[in-house]
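Summary of structural features
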Amino acid sequence: MWGLDAGRDKLERRLLSVHCVLADAEVKGETNPAVRRWMKELKAVAYQADDVLDCFRYEGLRRQAQTGESMARKVQSYFTTQSPLLFRFTICRTLNRVLKKMDELVMEMNTFGLVEGTEVLQGLYRQTHSALDESAEIYGRDRDKELVVKLLLDQQDQHNVQVLPIIGMGGLGKTTLAKMVFNDSRVQKHFELKMWYCVSENFEATAIVKSIIELATNKRCDLPDTIELLRGRLQEVLGRKRYLLILDDVWNEEQQKWEDDLKPLLCSIGGSGSIIVVTSRSQQVASIMGTLPPHELACLSEDGSWELFSKKAFSKGVQERAEFVTIGRRIVNKCKGLPLALKTMGGLMSSKQQALEWQAIAESNLGDTVRGKDEILSILKLSYQHLSPEMKRCFAFCAVFPKDYEMEKDMLIQLWIANGFICEEGTMDLEQKAEFIFNDLVWRSFLQVFKLVKQAFYGSKRESNGCKMHDLMHDLAKAVANECATAEELIQQKASIKDVRHVQMSNTDELKQVNRLFKGTISLGTLLALSTSDKDLTDLKPMTLRALCCYSDHPSIVRSQFVNTAHLRYLDLSGSHSIVRLPNSVCMMYNLQSLRLNNCYQLRYLPEGMATMRKLSHIYLLGCHNLERMPPNLSQLHNLRTLTTFVVDTEDGFGIEELKDLRHLGNRLELYNLEKVKTGSKANIHGKQNLSELLLYWNHKESVIPRNGQVGNEEEVLESLVPHSELKILEVHGYVGLTISQWMRDPHMFQCLRELRISNCPRCKDLPLVWLSSSLEHLSLSCMVSLTTLCKQVDVEAARYNSTPQIFPRLKRMTLDNLPNLENWTEDIAGETSSFLMFPQLEELRIYDCFKLASLPESPVLTNLTCISYSVRAFVSMSMPLGSWPSLVSLNVGLLANIVIPPEDQQSQGQRSLDTLRSLETKGDNGFVSIFSLSKLRLGPCDCFAFVEELVISSCYNIVHWPVEELRCMPRIRSLRIWHCTNLEGKGSSSEEILPLPHLERLWIASCGRLLEIPKLPASLEEMKISYGISLVALPSNLGNLAKLRKLGMWGCNDLRELPDGMDGLTSLERLSISGCPGIEKFPQGLLQQLSALKYLYIHDCPDLQRRCTNFFPKDYEIEKDMLIQLWMANGYIHEEGTMDLAQKGEFVFNELTWRSFFKM
């Protein structure tokens, strides 16, 4: 390329020669400062070299994208920043500079005697033994011991030697558990021969077999290292004896070494019931060696953790004072249940006699303490040293996130790839390799996986695969990575600005402060700035970025020139609500692999030229509900693996056929505007085997109700959108066909389906054949006005269990919303309906506006039941037999229902009806009457609702007086919420009478516009909120007697004129919020000074009160930033300056005071 190929090739050769010795350099760098300094300089130059090579790659992609452009356009490019002449001049100068520096480092490298080859593992491996210190108490492992011992004893009839792995991260106590089992008296009696061998790194067959022979004979084995001789001797000493062999601390992950070498020797000898117990940090070891399911050791419980820590901490003269206990529990929380950390920190605290010393430890990272580094991280670092170079880089990168951060798996993998941490290998592409590395890090306990639940559009929730790190693993990542930092660490100078390459920031204020620190162009690879502005990013000038994540409410963010588009691989602008159109300049990001625009609600247009971005693998558009159409010719993006949204249009290049050849598409696909598909779809959905979620919208939004009119080709289109049979989630919205498709009548299509949602299908009378699915867990049906029966042509005999038909055998959550003609649950082949029905696994049932539905199914595990009608019409009274749901925890009734309470003689033995019910909500007058009718009171609901702890009364317009008698039925209530009861005045009971709820802790009254008074409250109250009580004239008369009250809030109480005297009795009050109460002019004399526990004060829209309360804030007081600025403005402390208004000036002053360390955020 323009005569620069020779220089580029030379640079690549230099990088390769250096890479071959990096493993050895990393080991030597632990003890040799010169090597460590050389590696630091090498990294800096390597990044520069990578930038140079990346420029070559980008230029090649740019020229490829220009193919087919007009000659005039190509000539014009010579006079722009994209000129080939300018590229040659610039890159030649940079290339020579990097080559010169690289040559110097290679010469210096040769003086260190670095060795090429595989990584050399560093450190001496500990030798463990079977002896158990009888004087040392072991906490929280008794249950684990019993499980393992029972498992060992239960194998007595097994003729083949069994292998039981015990696995868990370093420091969990695997060796300790093995010792407990080994020394248990039952185990000692059960096995004729008991042996303990610490394997560590040496997994050679000869060494292990020779050691086992010595353990079995209790004398030295002098045989030569000939495996056949050793096998014969092993056969002699073990014979047919029942033996127990502990192989402690196994690291080997080479299957051949076990399967071919050791397994034939160890597992073919010994008597019935012989067992090998293997302890390891790796699940890979367990899968290779185990014949029994592995026993996974979990972290200690909160109580077990405290018990272990406190025994150590208070063992050498340190008294167990309340102050030490409070701080100690914070230290225990940092240990996250890891026994090694708990013992180490407990031992450390046993030498600390001063509370300040305890406080300092509690506020630091465990890995920053001397013992933490020497005793905890050194153990965990053994696991790190066994990682491949790629895995080390990927793990260390996780240090860029703060502790307890919940990382999305796909996002993390894409960031790894964007930064070049992963190289392609054989036929495995980058995505597959990254997936392998992620799973390996999970198997080795570096990462912990969980289901990440995020709030999606319209209040729904979406699950995705997430991961996080144990705090001590995070400390380890920090210890091995000096390139990753949060903005907070940079501001507090806990990380070196000179070394940092990956930065995470949480707000705009942090970015402003970091800008001051960097002072110009910096060499960043990753910038995760969760909230920012265009100007702040432009000032930062991160010209080498591979990954950028930020969101902004300013539309100019998409026009910023803050990144060099040559290098960017990952761009996430999710949540930037002001973006309407992405500019065409985005299409010049030819290296871009991931583009994330989730929840950019105003986004309407994507750039027209995106088809030239051939490297794009992921386009995320979740929640972009105003997107009008897609860019043309997306079929040219053959690398696409994720395209969450496709909006169908009718023009060439915009139709659904663009999806046909995108065979790698996976995860989630939402198809909109299917009404514009003229004939059967050619999208080849069935061929996209990686899809797990398919959402079909005939309109542009889920909530759009289809227009009335003639049925068109909807049935043909739906028939052509047949997916593969392993789909996990299926949604259909706005379909106006009369019948479901043929593929929906095939039960085999839903063998893996977990969730089905159908809405706004007004003509459809049938459901897909899912009621016998063994995988379906969530069903949601809404706005299907023609649906009369949920399941038709059910084979009752096939579904019957104990004479009650069972359908949806695995269903856990069901929502039925606005199905006005639904009246039957099932109908058999003869058209007969069943009055009794069983949902065996149903946990949550929500029913809204199903006017004809008269009965509910039985479910032994139902915990949450909601039945509400928002319409005034109700055709039938729903029967609600409370005895049908013995596990019910939450009940919400908002319709006229016949609630049946079973007589005492029919209730199950040992449990009264609804002993489990804890939460009760009545919605509307019908709901209130259904629950609290006088006939029910006479039947004794006091017993029925005696265990309710939370009560919500909402939208009950017939309530005028406080429902004192009804509340007496629920003596255990801890939380009471009364909302939108617009006629409630509060009169009718004696103002001296205390609300009859002796255990009440939380009271929230909202939008009760006629409320005049509140009765006296019980002394147990801890929180009270009153919002929009516009007629309220006084607070409870005994407010000052509520010594346990911690939080008090009042919003929109226009007629409230004063706070009552005696509030100085609120000795526990920590948070006080008053907003929109202009009638309150002042606090009672000296009140703020007397509220000794007060930590937070918020006052808004109370002009007189705001002016009077600025003179006093207690020590360690927490005040909201916006409120403080408003107080400054109200008192005239801030003046306008130039074009800066008061609010902007207040913001500036606040930031300056924070920057100068007068305030701590």
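Because the structure is a prediction, the values reported are computed rather than measured.

Criteria and cut-off values
- Residues numbered from 1 in each chain as written.
- Predicted model: local features only at pLDDT ≥ 70, side-chain atom pairs only at ≥ 80, totals over all residues.
- Heavy atoms only, no water.
- Helix = DSSP H or I, 4+ residues; strand = E, 2+ residues; numbered from the N terminus.
- Buried < 20%, exposed > 50% of the residue type's maximum accessible area, 1.4 Å probe, protein only.
- Contact = heavy atoms within 4.5 Å.
- Areas by Shrake-Rupley, 256 points an atom, 1.4 Å probe, with all protein chains shown as cover.
- Patch = residues over 30% accessible without salt bridge, like charges linked within 9 Å, V, L, I, M, F, W, Y side chains within 5 Å.
- Salt bridge = Lys/Arg side-chain N within 4 Å of Asp/Glu carboxyl O.
- Lys, Arg positive; Asp, Glu negative; His and termini not counted.
- Charge placed at Lys NZ, Arg CZ, Asp CG, Glu CD.
- Pairing = 2+ DSSP bridges.
- Axes fitted to C-alpha atoms, helices over the stretch in contact; angles between N-to-C directions.
- Arc of directions from axis to C-beta.
- pLDDT = per-residue confidence, 0-100.
- Left-handed = near helix turned anticlockwise from the far one by under 90°.
- Nonpolar A, V, L, I, M, F, W, Y, C, P; charged D, E, K, R; others polar.
- Core = buried A, V, L, I, M, F, W, Y, C linked by side-chain atoms within 4.5 Å.
- Domains from an automatic or database assignment.
- Phe/Tyr/Trp six-rings, centres within 6.5 Å; stacked < 30°, edge-to-face > 60°.
- Lys NZ or Arg CZ within 6 Å of the ring centre and 35° of its normal.

Another aspect to go through is the overall build of the chain. For the chain, the count of helices and strands is 34 helices and 41 strands. In the chain, which comprises 1161 residues, the proportion classed as buried is 51%. In the chain, of all internal contacts separated by at least 6 residues, the share reaching a separation of at least 24 is 64%. Put simply, the chain shows about 53200 Å² of open surface, and 49% of that area lies on carbon and sulfur atoms.

Another aspect to go through is a negative patch on the surface. Taken together, the side chains of Glu 137, Glu 302, Asp 303 and Glu 307 define an acidic patch exposed on the protein surface. Checked against the element boundaries, Asp 303 lands in helix α13 (residues 302-313). When its relative accessible area of 63% is taken as the criterion, Asp 303 is described as exposed.

Attention now goes to the sheet that holds strand β4 (residues 275-280). Pairing in this open sheet of 5 strands is parallel, and the strands run β2-β3-β4-β1-β5 from one edge to the other. The sheet is open, and its two edges are formed by β2 (193-200) and β5 (295-296), each paired on a single side. Relative to β4, strand β1 (residues 162-167) runs parallel, the two sharing 6 bridges. Among the inter-strand pairings, Gln 162 is bridged to a residue of β4, identified as Ile 275. Across the sheet, helix α9 (residues 205-217) is in contact with β2 and β3 (243-250); its angle to β2 comes to roughly 145°.

Before going further, it helps to examine the environment of Arg 321. As for its placement among the helices and strands, Arg 321 is situated in the loop between α13 and α14 (322-335). On a C-alpha basis, the gap between Arg 321 and Ala 355 in space is 9.9 Å, while along the polypeptide they are 34 residues apart.

The next subject is helix α16 (residues 355-362). For α16, the full list of buried residues reads Ala 355, Trp 358, Ile 361 and Ala 362. All buried residues of α16 project into a common sector of 120° when viewed along the axis, lining one side. Elements that come into contact with the buried residues of α16 comprise α13, α14 and α15 (339-349).

Here we come to unusual backbone geometry. Not every positive phi belongs to a glycine, and Asn 673 is a case in point at roughly 60°. By the element assignment, Asn 673 lies in the loop between β18 (666-672) and β19 (690-697). One non-glycine residue, Asn 760, adopts positive backbone phi at about 50°. Locating Asn 760 in the fold gives a position in the loop between β21 (755-759) and β22 (778-782). Judged by relative accessible area, which is 4%, Asn 760 ranks as buried.

Within the element layout of this structure, Lys 145 appears in helix α6 (residues 142-153). Look past the residues within four positions of Lys 145 in its chain and what remains in contact with it is Leu 177, Met 180, Val 181, Asp 184 and Arg 186.

Quick look at the sheet that holds strand β13 (residues 570-572) now. Overall, parallel pairing links the 8 strands, which are arranged β9-β10-β11-β12-β13-β14-β15-β16 in an open sheet. Two strands close off the open sheet at either side, each with one partner strand: β9 (484-486) and β16 (642-643). Sheet topology places strand β14 (residues 594-596) next to strand β15 (residues 618-620); 3 bridges connect them, and they run parallel. Across the sheet, Arg 596 pairs through a bridge with Tyr 620, a residue of β15.

Moving on: the side chain of His 190. Mapping His 190 onto the fold places it in helix α8 (residues 185-190). Once residues within four sequence positions are removed from consideration, His 190 is found in contact with Leu 152, Leu 153, Gln 156 and Arg 242.

All right, on to helix α19 (residues 409-418) then. In terms of residue burial, α19 counts as a mostly covered element, since 9 of its 10 residues are buried. Along α19, the residues that are buried comprise Lys 409, Met 411, Leu 412, Ile 413, Gln 414, Leu 415, Trp 416, Ile 417 and Ala 418.

What follows concerns the pattern of salt bridges. For the structure on display, the rule yields 37 salt bridges. Between Arg 918 and Glu 949 there is a salt bridge; the shortest N-O distance is 4.0 Å. Here Glu 949 lies in the loop between α29 (941-944) and β34 (950-954) and Arg 918 lies in the loop between β32 (897-900) and β33 (919-923), a separation of 31 residues in the sequence. Assessed through its relative accessible area of 31%, Arg 918 is described here as partly exposed. Its relative accessible area of 28% is what places Glu 949 among the partly exposed residues. Each of the salt bridges in this network shares a partner with another, and the network as a whole consists of Arg 918, Glu 949, Arg 974, Glu 1001 and Arg 1002.

Turning our attention to the confidence of the model for the chain. Should the pLDDT be low somewhere, the predicted coordinates at that spot are not to be read in detail. Taken as a whole, the chain shows an average pLDDT of 82; of its residues, 85% reach a score of 70 or greater. Under a pLDDT of 50 for its full length, residues 70-81 has, in the predicted model, 12 contacts with residues more than four places off or in other chains. Between residues 934-939, whose pLDDT stays under 50, and residues either more than four places distant or in other chains, the model counts 7 contacts.

Put simply, α13 and α14 touch, their axes get as near as 10 Å, and they point 115° apart. Once α13 is placed against α14, the crossing between them reads as right-handed. Residue-level contacts link Ser 305, Trp 306 and Phe 309 of α13 to Val 325, Gly 328, Arg 329, Ile 331 and Val 332 of α14. Residues of the contact of α13 with α14, tallied by class, amount to 5 nonpolar, 2 polar and 1 charged.

Here we take up the pairing of β18. In terms of burial, β18 is largely enclosed, as 6 of its 7 residues are buried. As defined by bridge partners, strand β17 (residues 645-647) adjoins β18 across 3 bridges and the pair is classed as parallel. Residue pairing for β18: Val 647 is matched across the bridge by Tyr 672. Sheet topology note: the β18/β19 ladder contains 6 bridges and is parallel. When the bridges of β19 are listed, Arg 668 appears paired with Glu 693.

Leu 671, Phe 808, Met 814 and Met 880 are the most contacted members of the largest nonpolar core, which has 183 residues in total. Examining the composition of this core, we find that 5 residues originate from one element, β19, more than from any other. For this core, the domains that each give at least three residues are domain 4 (482-628) and domain 5 (1000-1121). Core analysis: the next-biggest nonpolar cluster, separate from the first, contains 86 residues, Val 325, Trp 358, Leu 476 and Cys 484 among them.

Following the sequence through the fold, Phe 839 ends up in the loop between β27 (824-828) and β28 (844-848). Along the chain, Phe 839 and Leu 862 lie 23 residues apart, while their C-alpha atoms are 8.9 Å from each other. Once you skip the residues sitting within four places of it in the chain, Phe 839 turns out to touch Ile 807, Phe 808, Leu 811, Met 814, Trp 825, Pro 857, Glu 858, Ser 859 and Pro 860.

Now for the packing of aromatic side chains. The relation between two aromatic rings is expressed through the spacing of the ring centres and the mutual angle of the planes. The full count for this structure, using the stated rule, is 19 aromatic pairs. Plain terms: the ring middles of Phe 395 and Phe 446 are 4.8 Å apart, the flat faces sit at 65° to each other, and that makes the pair edge-to-face. In this pair, Phe 395 is assigned in helix α18 (residues 389-397) and Phe 446 in the loop between α20 (430-443) and β7 (448-455), connecting sequence segments 51 residues apart. Seen from their ring centres, Trp 825 and Phe 839 are 5.9 Å apart, and the 85° between their planes marks the pair as edge-to-face. Of this pair, Trp 825 sits in strand β27 while Phe 839 sits in the loop between β27 and β28, placing them 14 residues apart in sequence. Comparing Trp 825 with Phe 839 shows no difference in burial state: the two are buried. Among the aromatic residues, those joined into a cluster by ring pairs are Trp 306, Phe 309, Phe 314, Phe 324 and Trp 358. The side chain of Arg 321 reaches across the aromatic face of Phe 324, ending 4.2 Å from its centre. Positioned above the aromatic ring of Tyr 620 is the side chain of Arg 596, whose terminal nitrogen or guanidinium carbon lies 4.0 Å from the ring centre.

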